[in-house]
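# Examining the three-dimensional arrangement
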2 protein chains.
Amino acid sequence: MSPASFYANVPRHLVAVDCIIFGFEDGKLKLLIIKRKVDPMEGAWSLVGGFVQEGESTDNAAIRVLRQTTGIQDIYMDQLQSYGDTDRDTGARVISIAYYALIRISEHDRLLANAHGAHWLSLHQIPELIFDHNKMLNDAMARLRDQAHFHPIGFELLPEKFTLPQLRNLYEEIYQRPLDKRNFRKKILAMDILEKLEEKDKSSSKKGAHLYRFDRLKYDALTQHGLVFEI
Amino acid sequence: MSPASFYANVPRHLVAVDCIIFGFEDGKLKLLIIKRKVDPMEGAWSLVGGFVQEGESTDNAAIRVLRQTTGIQDIYMDQLQSYGDTDRDTGARVISIAYYALIRISEHDRLLANAHGAHWLSLHQIPELIFDHNKMLNDAMARLRDQAHFHPIGFELLPEKFTLPQLRNLYEEIYQRPLDKRNFRKKILAMDILEKLEEKDKSSSKKGAHLYRFDRLKYDALTQHGLVFEI
DNA sequence: CCAAAAGTGTTGTGAGTACACCCATGC
DNA sequence: GCATGGGTGTACTCACAACACTTTTGG
């Protein structure tokens, strides 16, 4: 059997990527979604998605789709899993590979996203999404919780400089449960991976909270020597 | 834009499934692999795989491919992740969705597998596999370790009746480190999810070890009430 | 009787958790 | 001067880890 004949006559499929994009703003976890512009389900809420092109890796497809649809780029992104039920897309048989992403919401991102018709919605206000997108979101939330537990990915959602109350608030959102203030500080500071800055952020209190910066180099070094991140 | 025109003119792709199939025999974790029968790389070692057919979900494709290639069916199987680099398959651009599976190796399975040209190899003896299959295997091992830690999937690899030394041996293989005999017994028995049988297995000692059975119903019930499996 | 694997308890330690008051400052 | 959120220390509990001897029985 020649190579040509092995790969020939094999059915081909539409392959899409869908992005579950998390952000953190005003103390709330948020999701970026858009109004679908094409039939079927035109006008319904949808994750950001698009088709994998020829000669394009699926990872690159996710990056491209995100940039084209929202103007966002250079962010933390990882594959979630693929969704391959035959009837998941009501318009055609489409196999979709879901990616989840974490971004720092800033005015810049917000403006770009808005210009592209994308919206940040609080996780508690997510409407019915098309197809199996709600399931993708649930799976992504579960993955986010799992990842956050043992990997320092929370910092991908915060500005470069952040306060400990902000950081704790973020993890409370991710885990959906309150965390003790003192124990949280103790644990995160004990890891010795944060750089304490002189500046204070007075935007949320009169006293002001110290700003910190995540020291990735230090984190990498300590990880080499057996440090296990855990929050 | 009509539905037809949205999905038309979108490039289509070959989509494969590849199965990382773990078994446990003679106190060793093993992997089921085959000799590839087609070019390119004919004769090289490969994971069990095949193409997703039209009108077939990817989950079902994995089940079908496994059955057709090895005669094995009705086993624990879960999606790992997809692999979408453009040049991962040297014969054509193929997007592959990897599944990992756990099976109880028995004479029955072994004969079937052999008849289909499949071989069980100890994890320490895995040769170079085609394409990115070694990477898939590594990812699957990592997933297996993660899953085994908090989910009772180890039992999928053991016969219905097993001894505690067998069970401990299995986890030592999965984690690649020795586990304390007493602490292991204490922990697993404390969960109260094993049924102790009267019979003993004398195949590996003169004294004989008690046989146990995993009580899934009890496990499910206890899980409802907050039990967290952990080994 | 002895080799070989199965089975059995206790103790120390470190991490997790619970918990209440003072501090700094803008208004 | 007071309201608001930021910051700090201690004590208890429990799960984990370390560890050595007895039991059973086939040969």
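As shown above, the structure is provided for reference.
These remarks concern the structure in this document.

Rules used in this analysis
Residues numbered from 1 in each chain as written. Chains lettered and ligands numbered in written order. Predicted model: local features only at pLDDT ≥ 70, side-chain atom pairs only at ≥ 80, totals over all residues. Heavy atoms only, no water. Helix = DSSP H or I, 4+ residues; strand = E, 2+ residues; numbered from the N terminus. Contact = heavy atoms within 4.5 Å. Least-squares fit on C-alpha atoms with pLDDT ≥ 70 in both. Near = heavy atom within 4 Å. Polar contact = N/O pair within 3.5 Å; in protein donor to acceptor, adjacent residues only side chain to side chain. Nonpolar A, V, L, I, M, F, W, Y, C, P; charged D, E, K, R; others polar. Pairing = 2+ DSSP bridges. Axes fitted to C-alpha atoms, helices over the stretch in contact; angles between N-to-C directions. 1 Å grid on protein atoms, 1.4 Å probe; cavity = no way out; pocket = protein on both sides within 12 Å on 5 of 7 lines; lining within 4 Å. Points joined across faces, edges and corners; volume = space filled by probe spheres on them. Buried area = accessible area lost by both parts, 1.4 Å probe. Salt bridge = Lys/Arg side-chain N within 4 Å of Asp/Glu carboxyl O.

### A word on the environment of Leu-227 of chain B
Tracing the backbone through its elements, the reader meets Leu-227 of chain B in the segment after helix 7 (216-224). Among all residues touching Leu-227 of chain B, those that are not within four sequence positions of it are Met-191, Ile-193, Tyr-219 and Leu-222 of chain B.

### Re the relation of the copies chain B and chain A
Superposing chain B onto chain A takes a rotation of 180 degrees combined with a translation of 0.0 Å along the rotation axis, leaving an RMSD of 0.0 Å. In symmetry terms, the pair is related by a two-fold rotation axis. Residue by residue, 100% of the interface of chain B is reproduced at the interface of chain A, so both copies engage with the same surface.

### Considerations on the protein's contact with DNA strand C
Looking at DNA strand C, there are 19 residues lining it, with Asn-183 and Lys-206 of chain A together with Lys-181, Arg-185 and His-210 of chain B nearest. Among atoms of DNA strand C positioned within 4 Å of the protein, sugar and phosphate together represent 41%. The separation between a phosphate oxygen of DNA strand C and a polar side-chain atom of Lys-202 of chain A is 3.4 Å. At 3.1 Å from a base oxygen of DNA strand C is found a side-chain nitrogen or oxygen belonging to Lys-186 of chain B. The set of elements that each furnish at least two residues to the surface near DNA strand C consists of helix 6 (181-190) of chain A together with helix 6 (181-190) and strand 10 (209-214) of chain B. Of the residues contributing to the surface near DNA strand C, the split by class is 2 nonpolar, 5 polar and 12 charged.

### With respect to the sheet that holds strand 9 (residues 194-201) of chain A
Residues and elements named next belong to chain A. Strands sit in the order 8-10-9 across an open sheet of 3 strands; the sheet is antiparallel. The sheet is open, and its two borders are formed by strand 8 (161-163) and strand 9, each paired with just one other strand. The average angle at which neighbouring strand axes cross in this sheet is 40 degrees, direction not considered.

### Some remarks on the layout of surface pockets
Space inside the largest pocket adds up to approximately 1800 Å³. What lines the largest pocket is a set of 49 residues, among which Arg-143 and Asp-146 of chain A together with Arg-143, Asp-146 and Gln-147 of chain B lie closest to the centre. When contributions to the lining of the largest pocket are tallied by element, the ones reaching two or more residues are helix 2 (58-70), strand 5 (76-83) and helix 4 (133-150) of chain A together with helix 2 (58-70), strand 5 (76-83) and helix 4 (133-150) of chain B. In terms of residue class, the lining of the largest pocket is built from 13 nonpolar, 16 polar and 20 charged. Of the voids in this model, the second largest pocket is the one considered here, and its volume is about 550 Å³. Lining the second largest pocket are 26 residues, and of these Phe-6 of chain A together with Arg-36, Val-38, Gly-49 and Gly-50 of chain B sit closest to its centre. Those elements that provide at least two residues to the lining of the second largest pocket are helix 1 (3-7) of chain A together with strand 1 (12-25), strand 2 (28-35), strand 4 (48-51), helix 2 and strand 6 (94-103) of chain B. In terms of residue count, the dominant contributor to the lining of the second largest pocket is helix 2 of chain B (4 residues). Its residues placed into classes, the lining of the second largest pocket shows 11 nonpolar, 8 polar and 7 charged.

### Some remarks on the interface of chain B and chain A
With 36 residues of chain B in contact, the opposing surface of chain A contributes 36 residues. Its largest share of buried area at the contact with chain A, chain B owes to Tyr-7, Arg-12 and His-13 of chain B, together 20% of the area lost on that side. There are 0 salt bridges connecting chain B and chain A. Linking chain B to chain A there are 13 residue pairs in polar contact (both at pLDDT 80 or more). Those elements that provide at least two residues to the side of chain B that touches chain A are helix 1 (3-7), strand 1, strand 5 and strand 6 of chain B. Sorting elements by how many residues they give to the side of chain B that touches chain A places strand 1 of chain B first, with 4 residues. Taken together, the residues that form the side of chain B that touches chain A break down as 17 nonpolar, 11 polar and 8 charged. Bridge analysis of strand 1 (residues 12-25) of chain A against strand 1 of chain B gives 3 bridges, and the strand direction is antiparallel. Bridge assignment links Arg-12 of chain A to a residue of strand 1 of chain B, and that residue is Leu-14 of chain B.

### Examining the sheet that holds strand 10 of chain B
Residue and element names in this part refer to chain B. Across the sheet, which stays open at both edges, the 3 strands sit in the order 8-10-9 with antiparallel pairing between neighbours. Edge positions in the sheet fall to strand 8 (161-163) and strand 9 (194-201), since each has one partner strand and no second. For this sheet the average axis-to-axis angle between neighbouring strands, irrespective of direction, equals 40 degrees. Pairing geometry for strand 8 and strand 10, over 3 bridges, is antiparallel. Within strand 10, the position partnered with Lys-161 by the bridge is Arg-213. In the packing of helix 5 (residues 164-175) onto the sheet, contacts are made with strand 8, strand 9 and strand 10, and the angle to strand 8 comes to roughly 80 degrees.

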